[in-house]
Amino acid sequence: EMMTGLARWITAAAGLWLATIVIALVLTWKQWRMPALTLLASGSFLATIVVLLGHDQLAPFNSAHSIAQRVKPLLSPGVPFYSVRNYEQTLPFYIKRPITLVDYTDEMAFGLTQQPELWVPTVAEFRQRWAQDRDAFALLSQSTYAAYKAEGFPMTEIAQDQRNVIIRKP
C-alpha cells in the first residue's frame, strides 16, 4: 500500500519531468535556449520535490511515530519500557524516555557499557523482570509477538504497525 502511494508520486514526477523536457525541446527548436534551459532546470527541481514529498508515504514503515502516539498517554514515570531483541531508533524520541534493550547490543554496545542499567542481557532475565514488574511495556517485532502470543505470554497489545507491536503487562 505504501509503495503504491509512492509509485503514484513517482509517476506524477516522471510526467512532470517528461512534459518539461518536451516543452524545453520545443523552445530549443525555436532557438529560445535560455528559456528552455531555465524551464528544464525548474522542471527537474520540481520533479525532484514531488518525489521527495512522495517519500512521506513510507513514513509509517520507517518511523515509530504512530505507535508511539498511541502508547505515550499510557506511560507513567518509572514504568519500565523494554525493547526485546530489536531497537526502533525513533521510539525513544517520540515517547520522550529511554528504553531498556533486551538481548540486543549491536551499535549500542559502547553506550550499554556506560549505562548497563539500560540493558537486559537475556530473554530469560527479561521474562523474570516482566513477571516481577507491577506495570511494564515492551516493543516486540511482529514475529516475536506472534511467538509470545502462541505460548500464552502474559501481555496486552497496545499498538502495532507494519514491523512492531507494543505490549503492556496485564
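Refer to the structure presented above.
1. Some remarks on the nonpolar core
- Of all hydrophobic cores here, the largest spans 17 residues; its most connected members are Val71, Phe81, Leu91, Ile95, Phe137 and Ile166.
- If you list the elements that add at least two residues to this core, you get helix 4 (65-71), helix 5 (91-95) and strand 4 (137-141).
- If we ignore the near neighbours within four places in the chain, the residues touching Phe81 are Val71, Leu75, Leu91, Ile95, Ile99, Thr100, Phe137, Ala138, Leu139 and Ile166.
- In this structure, Tyr82, Val123, Ala136 and Phe153 belong to the second largest nonpolar core, which totals 16 residues.

2. A few points about helix 2 (residues 33-54)
- In this model helix 2 runs 31 Å from its N-terminal to its C-terminal C-alpha over 22 residues, within 8% of the 32 Å that 1.5 Å per residue would give.
- Within the sequence span of helix 2, burial applies to Ala36, Gly43, Ala47, Val50 and Gly54. End-on view of helix 2: buried residues confined to an arc of 60°, all on one side of the axis. In helix 2, the exposed residues that point more than 90 degrees away from the buried face are Met34, Leu37, Phe45 and Leu52.

3. Observations regarding the pairing of strand 4
- Counting buried residues in strand 4 gives five out of five residues, a clear majority hidden from the surface.
- Going residue by residue along strand 4, you find Phe137, Leu139 and Ser141 tucked away on one face and Ala138 and Leu140 tucked away on the opposite face as well.
- Strand direction decides the pairing type here: strand 1 (residues 81-84) and strand 4, joined by three bridges, are parallel. In the strand pairing of strand 4, Tyr82 is matched with Ala138.
- Both strand 4 and strand 6 (residues 164-168) contribute to a ladder of five bridges, which runs antiparallel. Bridged to Leu140 within strand 6 is Val165.

4. As for the packing of aromatic side chains
- Counting across every chain of the model gives eight aromatic pairs.
- Summarising the aromatic geometry, the rings of Phe93 and Tyr94 are spaced 5.2 Å apart at their centres and angled 70° between planes, so their arrangement reads as edge-to-face.
- Taking the relative accessible area as the measure of exposure, Phe93 reaches 55% and is therefore exposed.
- Note on Tyr94: relative accessible area 22%, which makes it partly exposed.
- In textbook terms, an aromatic cluster arises when at least three aromatic residues are bridged by ring pairs, as seen for Tyr82, Phe126, Trp130, Tyr148 and Phe153.
- Directly above the aromatic system of Phe93 lies the positively charged group of Lys96, at a separation of 4.4 Å from the ring centroid.

5. Description of the side chain of Lys169
- With respect to the secondary-structure elements, Lys169 resides in the segment after strand 6.
- Lacking a salt bridge, the buried Lys169 has Asp133 as its closest oppositely charged neighbour, with an N-O distance of 6.5 Å.
- A polar contact is formed between the side chain of Lys169 and the backbone oxygen of Ala131, at a distance of 2.9 Å.

6. Quick look at the sheet that holds strand 6
- Ordered in space as 3-2-1-4-6-5, the six strands form an open sheet in which the pairing is mixed. Edge positions in the sheet fall to strand 3 (119-120) and strand 5 (156-160), since each has one partner strand and no second.
- Those strands touched by helix 8 (residues 142-151) are strand 1, strand 4, strand 5 and strand 6, and its axis lies near 110° from that of strand 4.

7. So, the pattern of salt bridges
- Counted by the stated rule, this structure contains five salt bridges.
- Among the ionic pairs, Arg163 bridges to Glu88, the shortest N-O distance being 2.7 Å. Linking Arg163 in the loop between strand 5 and strand 6 with Glu88 in the loop between strand 1 and helix 5, this pair joins segments that are 75 residues apart in sequence.
- Looking at Arg163, the relative accessible area reads 28%, which means it is partly exposed.
- Across the pair Arg129 and Glu125 runs a salt bridge whose closest N-O atoms are separated by 3.5 Å. Taken together, the positions of Arg129 and Glu125, both in helix 7 (residues 123-132) and four residues apart, correspond to about one turn of that helix.

Reading guide: rules and limits
- The numbering scheme is per chain: residues are counted from 1 as the chain's sequence reads.
- The predicted nature of this model means local features are confined to residues of pLDDT at least 70 and side-chain atom pairs, given and counted, to a pLDDT of 80 or more, with totals for whole chains, interfaces and linings taken over all residues.
- Processing note: side-chain calculations cover all non-hydrogen atoms of the structure and skip hydrogens and water entirely.
- To qualify as a nonpolar core, a set must consist of buried Ala, Val, Leu, Ile, Met, Phe, Trp, Tyr and Cys residues joined through side-chain atoms within 4.5 Å.
- Three exposure classes are used, based on accessible area relative to the maximum for each residue type with a 1.4 Å probe and protein chains only: buried under 20%, partly exposed in between, and exposed over 50%.
- Going along the chain from the N terminus, every DSSP run of H or I of four or more residues is numbered as a helix, and every run of E of two or more is numbered as a strand.
- Only heavy atoms matter for contacts: two residues are in contact if any of them lie within 4.5 Å across the pair.
- Working rule for helices: expected span equals 1.5 Å times residues minus one.
- By arc we mean the arc of the directions from the helix axis to the C-beta atoms, nothing more.
- Two strands are counted as paired when DSSP detects at least two bridges linking them.
- Classification of ring pairs uses Phe, Tyr and Trp, with its six-membered ring standing for Trp, and accepts pairs whose centres are within 6.5 Å; under 30 degrees between planes counts as stacked, over 60 as edge-to-face, and the remaining range as tilted.
- Look at NZ for Lys and CZ for Arg. If either is within 6 Å of the ring centre and within 35 degrees of the ring normal, a charge sits over the ring.
- Neither His nor the chain ends contribute to the count of charged residues, in which Lys and Arg are positive and Asp and Glu negative.
- One side-chain nitrogen of Lys or Arg within 4 Å of one carboxyl oxygen of Asp or Glu is enough to make a salt bridge.
- Side-chain atoms alone can form a polar contact between residues adjacent in sequence; in general such a contact is a pair of N or O atoms within 3.5 Å, and within protein one must be able to donate a hydrogen while the other accepts it.
- In this analysis, axes come from line fits to C-alpha atoms, helices being fitted only over the stretch in contact, and the angle between any two N-to-C directions falls in the range 0 to 180 degrees.

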